[in-house]
Amino acid sequence: MQQENASKPSPWGENVSVEFEDGIAWVSLNRPQRRNAINPGIVWEMNAIMDALEEDERCKVMVVTGSGDSFSAGMDLKEYFRAQDGVPPIQRERLFRANAAWQWRRMMYYPKPTISMVNGWCFGGAFQFLVGSDLAVAAEDATFGLSEINWGIIPAGVVTKAVLQVMSFRDAMYYIMTGETFDGRKAAELKLVNKAVPRDDLREATRELAKTLMGKNPFVLRQAKTACRFTADLSWDQAAEYLMAKSDQTEFRDPENGRNVGMSQFLDEKSFRPGLEGYRRG
Ligand code: ACO
């Protein structure tokens, strides 16, 4: 694996590590002694990392995971909550906004594909970037929990909104109200993650998924995932109008001219079948 670009200082290293491997940026929350709980340091670092990776050619797919045996124990009760209690509201709000930025606002519309690789504990606030990322793979024995109810708060930020987007209403109510934990297999059943695999296969399964994404036309992939995010909340007529415009934009702006290349390979050359595979790129 390649570490960082020597010519330019990198915004990672203190609370988050980044490793590059054949187009994948493995972004690991790196406070294993605190089970990768999100402190202000992670918040500022993740925002800077997402800025940097957006322009970094070594990153075609961003994978977010945790160091050690935890994905993330959610927000840091000491540094993100208690330590902020006496801080002037304007500063506290700035921190909360910065957290919302990396965990869901930017994550949801990130120009590159994102995958959460859930390798262990996943609690509370961690659900925001879990749902914010495009796809998610979990270890079968990872442990998930909406633990807020256990210590006297509600799943705020947008945790409640996030779980409602992927889980059924009944399941969201159940886990929000009971705080009961569930494992990776159940998370896949609940549609919180795309799939769960044995722990030993987790990295390889994630790598394979990233490679599949890297085989696609990156501009069209970006347009498709953005369209998916926005269309969910539109009426049918609005969706039809929006998707037609997005589709035209995709055709006109695609640097690979994928639509015509694909059609030509299928209709003229008869060299591939789009139902079964992608067109030959570049
Ligand atoms: N905030 C602050 N510190 C934390 C957090 C957290 N969310 N999670 C773990 N830590 C710290 C512990 O205080 C402990 O610190 P210490 O070594 O100084 O005592 C250290 O990390 C290790 O934690 P343990 O509890 O000893 O680790 P264990 O592996 O036994 O348990 C577990 C892990 C289940 C994740 C447990 O730490 C836990 O319940 N953490 C809180 C999970 C949670 O409810 N998160 C908040 C969700 S709400 C929200 O995010 C808005």
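Each remark here, short or long, concerns the structure printed above.
The sections below set out a description of the structure shown in this document. Computed from a predicted structure; not experimentally measured.

**So, the site of the ligand**
Of all residues adjacent to the ligand, which total 17 residues, the nearest are Ala73, Met75, Leu77, Gly125 and Ser147. Within the backbone of Ala73, a nitrogen or oxygen atom sits 2.7 Å from a nitrogen atom of the ligand. A total of 920 Å² of accessible area belongs to the ligand in isolation, and the protein chains cover 62% of it. If you list the elements that add at least two residues to the shell around the ligand, you get α2 (77-81) and β6 (121-123). Per-class residue counts for the shell around the ligand are 8 nonpolar, 5 polar and 4 charged.

**Topic: the pairing of strand β3 (residues 61-66)**
For β3, the tally of buried residues reaches 6 of 6 residues, placing the bulk of the element in the interior. For strand β2 (residues 24-29) and β3, the ladder comprises 6 bridges, and the chain directions are parallel. Note that in β3 the partner of Leu29 across the bridge is Gly66. One crossover worth recording links β2 to the parallel β3 by way of helix α1 (residues 40-55), and it is right-handed. Direction of pairing for β3 relative to strand β5 (residues 114-118): parallel, over a ladder of 3 bridges. Residue pairing for β5: Met62 is matched across the bridge by Thr114.

**Points about the environment of Trp102**
Along the chain, Trp102 turns up in helix α3 (residues 89-108). A residue is classified by how much of its surface remains accessible, and Trp102, at 0% relative accessible area, is buried. As a C-alpha pair, Trp102 and Met46 span 56 residues in sequence and 6.4 Å in three-dimensional space. The residues touching Trp102, leaving out its near neighbours within four places in the chain, are Ile38, Ile42, Val43, Met46, Asn47, Met50, Met107 and Phe129.

**So, the packing of aromatic side chains**
Both the distance between ring centres and the angle between the ring planes are used here to describe each pair of aromatic rings. Applying the stated criterion across every chain yields a total of 13 aromatic pairs. Taking 4.7 Å as the distance between ring centres and 35° as the angle between the ring planes, the aromatic pair formed by Trp102 and Phe129 counts as tilted. Here Trp102, found in helix α3, pairs with Phe129, found in helix α4 (residues 126-132); they are 27 residues apart in sequence, far enough to count as distant. Side by side, Trp102 and Phe129 carry an identical accessibility label, which is buried. Through successive ring pairs, a cluster of aromatic residues spans Phe127, Phe144, Tyr174, Tyr175 and Phe182. Between Arg58 and the ring centre of Phe20, over which it is positioned, the NZ or CZ distance is 4.0 Å. Positioned over the ring face of Trp26 is Arg203, at 4.0 Å from the centre of the ring.

**So, the packing of helix α9 (residues 218-231) against helix α10 (residues 236-253)**
One can describe the packing of α9 onto α10 by two numbers: an axis separation of 10 Å at closest approach and a directional angle of 165°. Between α9 and α10, the angle falls in the class roughly antiparallel. As for the relative orientation of α9 and α10, their crossing is right-handed in sense. From α9, Phe219, Val220, Gln223, Thr226, Ala227, Phe230 and Thr231 reach across to α10, where they touch Ala239, Tyr242, Leu243, Lys246, Gln249, Thr250 and Arg253. Counted by class, the contact of α9 with α10 contains 7 nonpolar, 5 polar and 2 charged residues.

**Here's the deal with the sheet that holds strand β1 (residues 16-21)**
Read across the open sheet, the 6 strands follow the order β1-β2-β3-β5-β7-β10; overall the sheet is mixed. In this open sheet, the two edge strands, each paired with only one partner strand, are β1 and β10 (195-197). Sheet twist, expressed as the average angle between the axes of neighbouring strands with direction ignored, equals 20°. Sheet analysis places β5 next to strand β7 (residues 135-139), joined by 4 bridges and oriented parallel. Looking at β7, one finds that Ile115 is bridged to Leu135. Running over the sheet, α1 touches β1, β2 and β3 and is turned about 25° from β1.

Rules of the game
Residues numbered from 1 in each chain as written. Predicted model: local features only at pLDDT ≥ 70, side-chain atom pairs only at ≥ 80, totals over all residues. Heavy atoms only, no water. Near = heavy atom within 4 Å. Polar contact = N/O pair within 3.5 Å; in protein donor to acceptor, adjacent residues only side chain to side chain. Areas by Shrake-Rupley, 256 points an atom, 1.4 Å probe, with all protein chains shown as cover. Helix = DSSP H or I, 4+ residues; strand = E, 2+ residues; numbered from the N terminus. Nonpolar A, V, L, I, M, F, W, Y, C, P; charged D, E, K, R; others polar. Buried < 20%, exposed > 50% of the residue type's maximum accessible area, 1.4 Å probe, protein only. Pairing = 2+ DSSP bridges. Right-handed = clockwise from strand over helix to strand, strands pointing away. Contact = heavy atoms within 4.5 Å. Phe/Tyr/Trp six-rings, centres within 6.5 Å; stacked < 30°, edge-to-face > 60°. Lys NZ or Arg CZ within 6 Å of the ring centre and 35° of its normal. Axes fitted to C-alpha atoms, helices over the stretch in contact; angles between N-to-C directions. Parallel < 35°, antiparallel > 145°, perpendicular 65-115°, else oblique. Left-handed = near helix turned anticlockwise from the far one by under 90°.

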